[in-house]
Amino acid sequence: MKIKKWDILFLVVAIGVVLFFSLAPEQTTPRVPLDDVHRELKDEKKCRDCHGAGTQMPLPEKHPNKERCLLCHKRKG
Ligand code: HEC
Ligand code: HEC
């Protein structure tokens, strides 16, 4: 079989895609702890009572300040 230009191009692209995904950083979003406070909590409006500004565990300064907390913060376990 003759190797064509397109075969090589395909190979290069395929290797690039694999490299891209294997080098991508791991998911680092902190998970919601599985403790008494968070286990039963489904109402995302309540998160701010404890994680809003001036609370014991406020959001980091650069935190994406969105409403849907649980879209990013999956539960542990
Ligand atoms: C009653 C107060 C309270 C409420 C309500 C609350 N949290 Fe928390 N949360 C805490 C405290 C205190 C901690 C730290 C406890 C610990 O580290 O075990 C914490 C820890 C976390 C962490 C882990 C941070 C880390 O560094 O591991 C995440 C993520 C989190 N909360 C998200 C949420 C989300 C999302 C909600 C709403 C569904 C929520 N919390 C509602 C008090 C609360
Ligand atoms: C777009 C995705 C996204 C959404 C939506 C989101 N978060 Fe986060 N959150 C993150 C990421 C990423 C980090 C880690 C940031 C860092 O370490 O600088 C983080 C960090 C935190 C921390 C601090 C954990 C620690 O160890 O200090 C808390 C608490 C938290 N989020 C709570 C919430 C709450 C409450 C909401 C809803 C109001 C929310 N998050 C919505 C992505 C998100």
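Up top you'll find the structure we're talking about.
Residues numbered from 1 in each chain as written. Chains lettered and ligands numbered in written order. Predicted model: local features only at pLDDT ≥ 70, side-chain atom pairs only at ≥ 80, totals over all residues.

Caption draft 1: The site of ligand 2, seen in detail. In the vicinity of ligand 2 lie 17 residues, with Cys 47, His 51, Lys 66, Cys 69 and Cys 72 positioned nearest. Those elements that place two or more of their residues in the shell around ligand 2 are helix H3 (47-51) and helix H4 (69-72). By residue class, the composition of the shell around ligand 2 is nine nonpolar, four polar and four charged. (Near = placed C-beta within 6 Å. Helix = DSSP H or I, 4+ residues; strand = E, 2+ residues; numbered from the N terminus. Nonpolar A, V, L, I, M, F, W, Y, C, P; charged D, E, K, R; others polar.)

Caption draft 2: Region of the structure containing the site of ligand 1. Taken together, 18 residues lie around ligand 1, and Pro 30, Cys 47, Cys 50, Cys 69 and His 73 are the ones closest in. Broken down by secondary-structure element, the contributors of at least two residues to the shell around ligand 1 are helix H2 (36-39), H3 and H4. A per-element tally of the shell around ligand 1 places H3 first, with four residues. When the residues that make up the shell around ligand 1 are grouped by side-chain class, the tally is ten nonpolar, four polar and four charged.

Treat this as a map of the structure, not an account of what it does.
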